[in-house]
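Below are the chains, spelled out letter by letter.
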Amino acid sequence: MYSALTGFVSLIFLNALDSHFQIIIYLYAIIGFVASEVLVKQSYYRHGLDDAFVLSWQVVFCAAVGMSSESSVMAFAVLFIVGLFSCIRYVNTLSALFSCVGLVGFFFMLITENKVISSMYLPFVGLILSAVIYYVYFRLNKNTQLLIYQNALWLIKVFSLVLAYAAFNYMVVRELSVSLMGFEVEKGNDIPLAYLFYASTFLIPLAYIYFSLLKKDRTILTVGLLALGYSFFTIRYYYSLMPPEMALVLGGLLLFGIAFLAIKKLKHKTTGITFEPDRDSNTNLMLNAQALIINSQINTKAVMHSESKMPFGGGGFSGGGASDGF
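Residues numbered from 1 in each chain as written. Predicted model: local features only at pLDDT ≥ 70, side-chain atom pairs only at ≥ 80, totals over all residues. Heavy atoms only, no water.

1. A closer look at a nonpolar patch on the surface
- Judged by side-chain polarity, Val116, Ile117, Met120, Tyr121, Phe124, Leu176, Leu180, Met181, Leu193 and Leu196 come together as a nonpolar surface patch covering roughly 850 Å² of accessible area.
- Examined against the element boundaries, tyrosine 121 turns out to sit in the loop between helix 5 (93-112) and helix 6 (122-141). (Patch = residues over 30% accessible without salt bridge, like charges linked within 9 Å, V, L, I, M, F, W, Y side chains within 5 Å. Areas by Shrake-Rupley, 256 points an atom, 1.4 Å probe, with all protein chains shown as cover. Salt bridge = Lys/Arg side-chain N within 4 Å of Asp/Glu carboxyl O. Helix = DSSP H or I, 4+ residues; strand = E, 2+ residues; numbered from the N terminus.)

Here it is in structure tokens:
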């Protein structure tokens, strides 16, 4: 629908405004914004059509700003603002991701393009930004009036965790050092503070896993496990200790052994970390228990049928037939 509208506008105005192509891009963004407002006034939510307009006008508007200003810093700043606005206005989850990307991209471009500070401080800036974003999530998540934004807050939480890991991942830091600072890693040498990034590549995922088990947080556990797997890939990308097929076989055997022993250890535990399903999961047992509780709260008193004082038949008053008593 959005592409059809923009195509129709292009058909009419493209030749007339050929020398002012940026005006047409702004017009595309206005069309998407107006359509988003019309749909939200009609109570469309997570329908698909409204999501298409909400997400598209943000991307188009930021592209228009970037083209007109010729500044990626300005484009990321606008992406942060319109993403935050759309998340609040339309309760759109992906707009929260756009806002986070805009915030991080703004500082990234300030450092890499405008040279506000040296690029060597970029990992530490990323770590600080991740801490700030997680703090915002932590504060907002406590507010019960913001439950409508729980999906957006969850996405912000995941983004902050991934950003903290990526900021100090050895592969990310090394590749950015090569591309941004022109640093050449010769054989026998390494990037500055290499041991710090080696350690953090594994310590951050392990810290995620420990904290998730301590707080029983499935999201942090999932991010930690995925980050740990990528940590092994990071080291193997630069240092090969054995052939790939041997590493895959040994890794599979190790994971199978850990999973088997963990299941045996936790199988009969009923408290703490267990192998039992979550108490709040929608299992058949939980659904049956809910139905039983609801039925026990319903008033089901039997209706007493009293015998009628006006028997039918034989005349009388009930019209069951005339008799000499009538």
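2. As for the nonpolar core
- Core analysis: the largest hydrophobic core is formed by 19 residues, its most contacted members being Tyr170, Ile191, Phe197 and Tyr208.
- Mapped by element, the contributors of at least two residues to this core are helix 7 (150-167), helix 8 (170-181), helix 9 (194-215) and helix 10 (218-238).
- Ignoring any residue separated from it by four or fewer positions in sequence, one finds isoleucine 191 in contact with Tyr170, Val173, Arg174, Phe183, Val185 and Phe197.
- Judged by nonpolar contacts, the second largest core, of 17 residues, contains Cys87, Ile111, Tyr149 and Phe159. (Core = buried A, V, L, I, M, F, W, Y, C linked by side-chain atoms within 4.5 Å. Buried < 20%, exposed > 50% of the residue type's maximum accessible area, 1.4 Å probe, protein only. Contact = heavy atoms within 4.5 Å.)

3. Here's the deal with the layout of surface pockets
- The calculated volume of the second largest pocket comes to roughly 710 Å³.
- As for the second largest pocket, its lining consists of 19 residues, and the residues nearest its centre are Gly229, Phe232, Ala247, Gly251 and Leu254.
- Element by element, the count of residues in the lining of the second largest pocket is highest for helix 11 (residues 244-266), at 9 residues.
- Of the residues contributing to the lining of the second largest pocket, the split by class is 15 nonpolar, 3 polar and 1 charged. (1 Å grid on protein atoms, 1.4 Å probe; cavity = no way out; pocket = protein on both sides within 12 Å on 5 of 7 lines; lining within 4 Å. Points joined across faces, edges and corners; volume = space filled by probe spheres on them. Nonpolar A, V, L, I, M, F, W, Y, C, P; charged D, E, K, R; others polar.)

4. What about the side chain of threonine 201?
- By the element assignment, threonine 201 lies in helix 9.
- Using a relative accessible area of 0% as the deciding quantity, one classes threonine 201 as buried.
- Excluding residues within four positions of it along the chain, threonine 201 makes contact with Tyr165, Phe168, Asn169, Tyr170 and Ser231.

5. Section: the pattern of salt bridges
- Across all of its chains, the model carries 2 salt bridges by this definition.
- Taking the shortest distance from any N to any O, the salt bridge between glutamate 37 and arginine 89 comes out at 2.9 Å. Placement of glutamate 37 in helix 2 (residues 21-41) and of arginine 89 in helix 4 (residues 72-90) is noted, with a sequence separation of 52 residues between them.
- We classify arginine 89 as partly exposed; its relative accessible area is 32%.
- A salt bridge links lysine 157 to aspartate 217, with the shortest nitrogen-to-oxygen separation between them at 2.5 Å. Of this pair, lysine 157 sits in helix 7 while aspartate 217 sits in the loop between helix 9 and helix 10, and the two are 60 residues apart along the sequence. Across the pair, aspartate 217 and lysine 157 agree in class, each one buried.

6. Remarks on the packing of aromatic side chains
- Under the criterion given, the structure shown has 19 aromatic pairs.
- Centroid distance tyrosine 26 to phenylalanine 61: 6.1 Å. Interplanar angle 75°. Geometry classified as edge-to-face. Here the residue tyrosine 26 occupies a position in helix 2, and phenylalanine 61 occupies one in helix 3 (residues 49-69), the gap between them amounting to 35 residues.
- Judged by its relative accessible area of 25%, phenylalanine 61 is partly exposed.
- Geometrically, the ring pair formed by tyrosine 198 and tyrosine 239 is tilted, given 6.3 Å between the ring centres and 50° between the ring planes. Highlighted residues: tyrosine 198 in helix 9 and tyrosine 239 in the loop between helix 10 and helix 11, separated in sequence by 41 residues.
- Taken together, the ring pairs in this structure connect Tyr170, Tyr195, Tyr198, Tyr230, Phe233, Tyr237, Tyr238 and Tyr239 into an aromatic cluster. (Phe/Tyr/Trp six-rings, centres within 6.5 Å; stacked < 30°, edge-to-face > 60°.)

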